[in-house]
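Working through the structure, step by step
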Amino acid sequence: MELFASHFGTYEIDRTGETPRLRPFRHDPAPSPLGEGFLALSDHPTRIRQPMARRGWLDGDGGAARGADSFVPLSIERASELAAAELDRVRRTHGNGAIFGGSYGWGSAGRFHHPQSQLKRFLTLAGGFVSARNTYSYGTAKVLIPHLVGPAYSDPGAFNPTWDRIVAERPFILSFGGMRLSNAQVEAGGTGAHRTRGWLTAFAQAGGEMLTLSPDRRDAPQGDHLAIHAGSDACAMLAMAHVLIHEGLVDEAAVRRLTTGYDALKALILGQADGPARTPDWAAPLTGIPAATLTQLARKLVAGPALINLAWSLQRAVAGEQPYWAALVLAVLSGQIGQPGCGLACGLSAVSSVGNPLRRLRGPAFVQGTNPVSDFIPVARITEMLERPGETIAYNGASLTLPDIRLIWWAGGNPFHHHQDLNRLARAWRRPETVIVQESVWTATAQHADLVFPSALPSERDDIAAASRDDWIIRSSKVTEPPAGVETDHAVLSRIAEHLGLAEAFHEGRSEAEWIAQLYAGYCAAFPELPDWDTFCATGHARLSDPVPEEVIQPLEAFRADPQASPLATPSGRIELMPALLRAADSRLGAPLTRVVVSDAGEDPALPLRLLSPQPAQRLHSQLDGAPIAEDARRDGLEVARAHPDEIRAAGLIAGAPALLSNERGAVLVMIEADNRLAPGHVELPTGGWYAPRRIDGRWIDCGGNPNTLTRDSGSSELSQGPSAGGARVRLEPAPAPEHLGVAQSAGGA
Ligand SMILES: Nc1nc2c(c(=O)[nH]1)N[C@H]1C(S)=C(S)[C@@H](COP(=O)(O)OP(=O)(O)OC[C@H]3O[C@@H](n4cnc5c(=O)[nH]c(N)nc54)[C@H](O)[C@@H]3O)O[C@H]1N2
Ligand SMILES: Nc1nc2c(c(=O)[nH]1)N[C@H]1C(S)=C(S)[C@@H](COP(=O)(O)OP(=O)(O)OC[C@H]3O[C@@H](n4cnc5c(=O)[nH]c(N)nc54)[C@H](O)[C@@H]3O)O[C@H]1N2
Ligand SMILES: [Mo]
């Protein structure tokens, strides 16, 4: 079977018509329509069709006009020569520590053509690069969780009970941020079978009860919904913990057996240390949930089996550690932690794989080698890195010196989509001497580059796809040819490597097809049950056999059963409820755990709305924006923001018309629509819009509708330095008059 694999899953290639079509994979119970969008991009006007250089860069403007300049087409030979010469100049003059190759983003599901792997191998061979650590998805939790339960569980959801157990035990699920099924369309590296919908149905059919607490009723795929103010979840959780302690519902002997720090925690919650007693009355105005409801919920958590689920979005915020820590506290005090199918889960439905009982296809990537440069930044500190070279930031109890970057190289990511406070990024981004970007389409990041190399789309090359959190491996076939002159990232980097005398070291004399077969051989070595290459190519796919039940690790179950025999890898061997480092002061926020911080703390309270920026249902971030599904989701070419009808009225606006969302960081043009599923006091603009600042009526307005024009870039805390997209406050205001929008002058940023 001829298949195409993407982050949205697997598709059968149908070549019976005039042009190829993608059909749902027959083994997928809930296929996503999104992957078909690749075909719409193959000849889309946004495609980059040949290498381009920014005019000012060729003239030596030092970056001044970056993002607001015109481009000059180059031959691939000339562009490769220029890129190699610039890399060589920077490393000779400033050392490899002046090259930033972090290149965060969701490039290709295919393992060979994974652009970051390709770029990092290339830059490593060229002497190394400054890298980026952690993710935008889960960066705050990844730093926090090892302090609480040990490093083994820092991966997203590593200590989750699996769905089969959850369905069997039927716990009451208290879900903060919910389980949007649109998010489970996606898995990094793809999948053969989307199973989340099926698990939710099975849970409902088994009579399982679920309550979602979130600012948007659409986050509740089933069960009940209760509105909560964004960024206040930790307050609700600590108030429930207060009820448990106050009403004597905590089995203190059991808590002491499993944890350390209980006395300090109790003092905090009861108001005997660090601020007010965290009572339901205290939490009610902060969360918008009546005190009596919080009290009832706490009692319900100890009445029977219960599971607390956390959307990843909760920790993508200022003080984003707090809800994750407070949820663990609540799971422990309610006696649920480590009970079969109960306790705590992170990100059920955030991506397709989470919660599936399966064996993971961890496999060999395209080998990157060992980067000789050890300098790194936490991934979301990119703007600060550019603004303050040589200065230090705190990170996870240590101090990091920010590198002095002269050359940025990006392949397979879109920082002008994903990073916070984009107008500030645009200013800082002018500081390096050179920016090189490999892209398929003219994203805002490509427009902010000096040298742009066109890349073939995932649908324009052969590959194998396998997700490290999933059990399917897919032979992904080229669906269409790339436009004339457009090559794979591997081919482009091979050309550049040629000029540096590194070509042989880079491609080792193998063709792309030989590399792909060799990668597959690596998977076979790790998982001998996989079919041989020829069989695999003929079938198009393979899947690891189901694990036997004993193989499905339920990590905290073993610990709870016998904490002595199965200790955690924490200093105490037990759950650390109050690690010292996390109680130490943060110069901006107070301690990551113990100070009361609702995530919009520090924002202008006069701004009436909390901004939600969830993942877009119709795209993967900014990807496939030209596809019909994404086009259909726009109104009059504008991204759609939604708010409760009362908020639109309060702003003196009418629903279904253009409007501005604004704060001191910027302004975004959107179509505002009324939706009473959204809690009052919030406005939602999903991510994915293409940042496009224009000067209108004397101010810069992002006409592309990217929420990151408005989000705050402060880091979640000085502990984790994660992204801080949650917790921005904004106002709604009238859009500029239509005649002004029409003559908007397009250029590069505030
Ligand atoms: N406000 C706010 N901001 C957020 C978030 C949020 O919730 N709110 N979420 C954050 C999260 S969790 C994430 S993961 C990020 C996502 O941010 P990104 O991952 O950077 O977003 P994408 O739009 O997927 O960018 C991938 C880019 O790589 C390109 N690409 C794909 N495949 C290839 C390839 O093979 N070769 C090359 N050269 N290019 C390729 C695509 O065209 C696209 O432009 O956004 C973060 N930003
Ligand atoms: N279709 C599609 N699916 C995707 C992606 C995509 O771009 N498109 N991106 C993928 C990626 S990279 C990631 S990391 C995951 C992200 O997975 P998540 O982080 O779980 O997803 P989000 O959509 O950011 O947020 C989920 C919900 O949380 C709610 N929420 C936001 N802030 C708060 C809060 O403070 N409290 C409470 N209680 N609720 C809150 C919002 O209403 C939102 O709908 O999604 C993945 N899935
Ligand atoms: Mo993500």
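Since the model is a prediction, treat every value here as computed from it, not as a measurement.

Cut-offs applied
- Residue positions within a chain follow its written sequence, with the count starting from 1.
- Here every chain gets a letter starting at A, and every ligand a number starting at 1, in the order they are written.
- Under the rules for a predicted model, residues below a pLDDT of 70 receive no local features and side-chain atom pairs below 80 are neither given nor counted, while totals for whole chains, interfaces and linings still include all residues.
- Hydrogen atoms and water are omitted, and side-chain values are computed over all heavy atoms in the structure.
- What counts as a helix is a DSSP run of H or I of at least four residues, what counts as a strand is a run of E of at least two, and both are numbered from the N terminus.
- Here the globule rule is a power law, 2.2 Å times the number of residues to the power 0.38, and the radius of gyration is based on C-alpha atoms.
- We call two residues in contact when some of their heavy atoms are within 4.5 Å.
- For accessible areas, the Shrake-Rupley method is used with a probe of radius 1.4 Å. Any residue's cover is judged against the shown protein chains and nothing else.
- Under the counting rule used here, the positive set is Lys and Arg, the negative set is Asp and Glu, and His together with the chain ends is not counted.
- A charged residue contributes its charge at one atom only: NZ of Lys, CZ of Arg, CG of Asp or CD of Glu.
- In this entry, domain limits derive from an automatic or database-based domain assignment.
- A 1.4 Å probe defines the accessible area here, and the buried area is the portion of it lost by two parts on being joined, summed over both.
- Within this document, salt bridges are pairs made up of a side-chain nitrogen of Lys or Arg and a carboxyl oxygen of Asp or Glu, the two lying within 4 Å of each other.
- Whenever two N or O atoms come within 3.5 Å, that pair is a polar contact, provided that in protein one can donate a hydrogen and the other can accept it, and provided that, for residues adjacent in sequence, both atoms are side-chain atoms.
- To obtain each axis, a line is fitted to C-alpha atoms, and for helices this fit is confined to the stretch in contact; angles are then taken between N-to-C directions over 0 to 180 degrees.
- In a left-handed crossing the near helix is turned counterclockwise from the far helix by less than a right angle, and in a right-handed crossing that turn is clockwise.
- Polar here means any residue other than Ala, Val, Leu, Ile, Met, Phe, Trp, Tyr, Cys and Pro, which are nonpolar, and Asp, Glu, Lys and Arg, which are charged; Gly is therefore polar.
- Centre distance within 6.5 Å is the pairing criterion for rings of Phe, Tyr and Trp, where only the six-membered ring of Trp is used; planes under 30 degrees apart are then read as stacked, over 60 as edge-to-face, and the remainder as tilted.
- For the exposure calls, accessible area comes from a 1.4 Å probe over protein chains only, and a residue counts as buried if that area is under 20% of its type's maximum, exposed if over 50%, partly exposed in between.
- The rule for a charge over a ring is simple: NZ of Lys or CZ of Arg within 6 Å of the ring centre, and within 35 degrees of the ring normal.
- When DSSP finds two or more bridges between two strands, those strands count as paired.
- UniProt positions are given in the numbering used here, feature names are shortened, and annotations may be inferred rather than shown by experiment.
- By convention in these notes, a residue is near a molecule or strand provided one of its non-hydrogen atoms lies within 4 Å of it.
- Buried Ala, Val, Leu, Ile, Met, Phe, Trp, Tyr and Cys residues that are joined via side-chain atoms within 4.5 Å together make up what is termed a nonpolar core.
- To estimate how far a helix should reach, multiply one less than its number of residues by 1.5 Å.

If you tally the helices and strands in the chain, you get 26 helices and 32 strands. Here the C-alpha radius of gyration of the chain, 25 Å, is about what a compact globule of 750 residues would show, namely 27 Å. Overall size of the chain, expressed as C-alpha extent along the three principal axes, is 75 × 65 × 55 Å. Considering only intrachain contacts with a sequence separation of at least 6, the fraction spanning at least 24 residues in the chain is 74%. Summed over its atoms, the accessible surface of the chain is roughly 26000 Å², and 51% of this surface lies on carbon and sulfur atoms. Side-chain charges in the chain split into 68 positive and 82 negative, and the spacing between the mean points of these groups amounts to 3 Å.

Assigned domains of the chain: these are domain 1 (47-134 + 364-458 + 482-508 + 516-523), domain 2 (139-359 + 558-583) and domain 3 (609-746). Every contact between the two is made by seven residues of domain 1 and, on the other side, eleven residues of domain 2. Counting each side, the surface lost to burial between domain 1 and domain 2 is near 580 Å², with a carbon and sulfur contribution of 72%. Summed over the three residues of domain 1 that lose the most area to domain 2, namely W106, N134 and N396, the buried surface amounts to 70% of that side. Run the count over domain 1 and domain 2 and you get zero salt bridges. At the surface where domain 1 touches domain 2, the tally comes to one residue pair in polar contact (both at pLDDT 80 or more).

One can describe the packing of helix α5 (residues 139-149) onto helix α13 (residues 321-333) by two numbers: an axis separation of 9 Å at closest approach and a directional angle of 35 degrees. Between α5 and α13 lies a crossing whose hand is right-handed. Side by side, α5 and α13 meet where T140, A141, L144, I145, L148 and V149 of the first sit next to E321, Y324, W325 and L328 of the second. Its residues placed into classes, the contact of α5 with α13 shows eight nonpolar, one polar and one charged.

With that out of the way, let us pick up the packing of aromatic side chains. Going through the model one piece at a time under the given rule, you end up with 22 aromatic pairs. Ring geometry for F112 versus F366: centroids 5.0 Å apart, planes at 80 degrees, classification edge-to-face. Of this pair, F112 sits in the loop between β6 (99-100) and α4 (115-125) while F366 sits in the loop between β13 (343-346) and β14 (376-378), placing them 254 residues apart in sequence. The pair formed by F112 and F366 is uniform in burial state, with each residue classed as buried. For the pair F122 and F506, a centre-to-centre distance of 6.2 Å together with 90 degrees between the ring planes defines the contact as edge-to-face. Taken as a pair, F122 in helix α4 and F506 in helix α19 (residues 503-507) lie far apart in primary sequence, 384 residues in all. Neither F122 nor F506 differs from the other in exposure class; each is buried. Counting every residue linked through ring pairs, the aromatic cluster contains F112, F122, F366, W409, F506 and W515. Residue placement shows R278 over the ring face of W282; its charged tip is 5.8 Å from the ring centre.

What follows concerns the sheet that holds strand β9 (residues 210-213). The strand order β10-β9-β8-β12-β13 describes an open sheet built from five strands, whose pairing is parallel. Looking at which strands have only one partner, the edges of the open sheet turn out to be β10 (224-226) and β13. Each neighbouring strand pair of the sheet contributes to a mean axis angle of 20 degrees, computed without reference to strand direction. Direction of pairing for strand β12 (residues 306-310) relative to β13: parallel, over a ladder of four bridges. Bridge pairing in β13 places L310 opposite C346. Most of the contacts of helix α8 (residues 233-246) go to strand β8 (residues 172-176), to which it runs at about 145 degrees, and overall it touches β8, β9 and β12. Across the sheet, α13 lies against β12 and β13, angled at about 175 degrees from β12, the strand it touches most.

With that out of the way, let us pick up the sheet that holds strand β5 (residues 71-73). In spatial order, the strands read β5-β4-β19-β18-β17-β6; together these six strands make up an open sheet with mixed pairing. Where the open sheet ends on each side, the last strands, each with one partner, are β5 and β6. Examined bridge by bridge, strand β18 (residues 434-439) and strand β19 (residues 451-454) share four bridges and lie parallel to one another. Residue Q438 lies in a different strand from β19, and its bridge partner there is F453.

Take the UniProt feature "domain: Molybdopterin dinucleotide-binding" (unreviewed entry) in the chain next. The UniProt record marks residues 609-725 with the feature "domain: Molybdopterin dinucleotide-binding" (unreviewed entry), using the residue numbering of this structure. Annotation note: span residues 609-725, helix share 10%, strand share 30%, distance between end C-alpha atoms 14 Å.

Taking the numbering used here, the UniProt-annotated feature "domain: Molybdopterin oxidoreductase" (unreviewed entry) corresponds to residues 47-498. As a span, residues 47-498 carries 35% helix and 15% strand, and end to end its C-alpha atoms are 26 Å apart.

Quick look at the site of ligand 2 now. Residues in close proximity to ligand 2 total 33 residues, the closest being D219, G231, D233, R619 and H621. A distance of 2.9 Å is found between an oxygen atom of ligand 2 and a side-chain nitrogen or oxygen belonging to N183. In this structure, L213 approaches ligand 2 through a main-chain N or O atom, which is 3.0 Å from a nitrogen atom. Isolated, ligand 2 exposes 920 Å² of accessible area, and the fraction of that covered by the protein chains is 95%. Within the shell around ligand 2, the residues separate by chemical class into 17 nonpolar, ten polar and six charged. For the shell around ligand 2, the domains that each give at least three residues are domain 2 (139-359 + 558-583) and domain 3 (609-746).

The next subject is the nonpolar core. With 136 residues, the main nonpolar core has M240, L310, Y324, W325, L333 and I382 as its most contacted residues. Take this core: its biggest share by element is eleven residues, from α8. Grouped together as the second largest cluster of nonpolar side chains are 48 residues, F129, L407, A466 and F506 included.

Looking now at helix α20 (residues 512-526). Here α20 spans 22 Å end to end across 15 residues, near enough to the 21 Å set by a 1.5 Å rise per residue. Along α20, the residues that are buried comprise W515, I516, L519, Y520, Y523 and C524. Buried residues in α20 make contact with α4, β20 (463-466), β21 (472-476), α18 (489-499), α19 and α21 (533-539).

Before going further, it helps to spend a moment on the site of ligand 1. The local shell around ligand 1 holds 32 residues, among which H418, E439, D489, S622 and N708 are the closest. At a separation of 2.6 Å, an oxygen atom of ligand 1 approaches a polar side-chain atom of H418. One of the side-chain N or O atoms of N708 is found 2.7 Å from a nitrogen atom in ligand 1. Coverage of ligand 1 by the protein amounts to 97% of the 920 Å² it exposes when considered alone. Among the elements of the structure, α15 (415-418) and β18 are those that each provide at least two residues to the shell around ligand 1. Of the residues in the shell around ligand 1, the class split is seven nonpolar, 21 polar and four charged.

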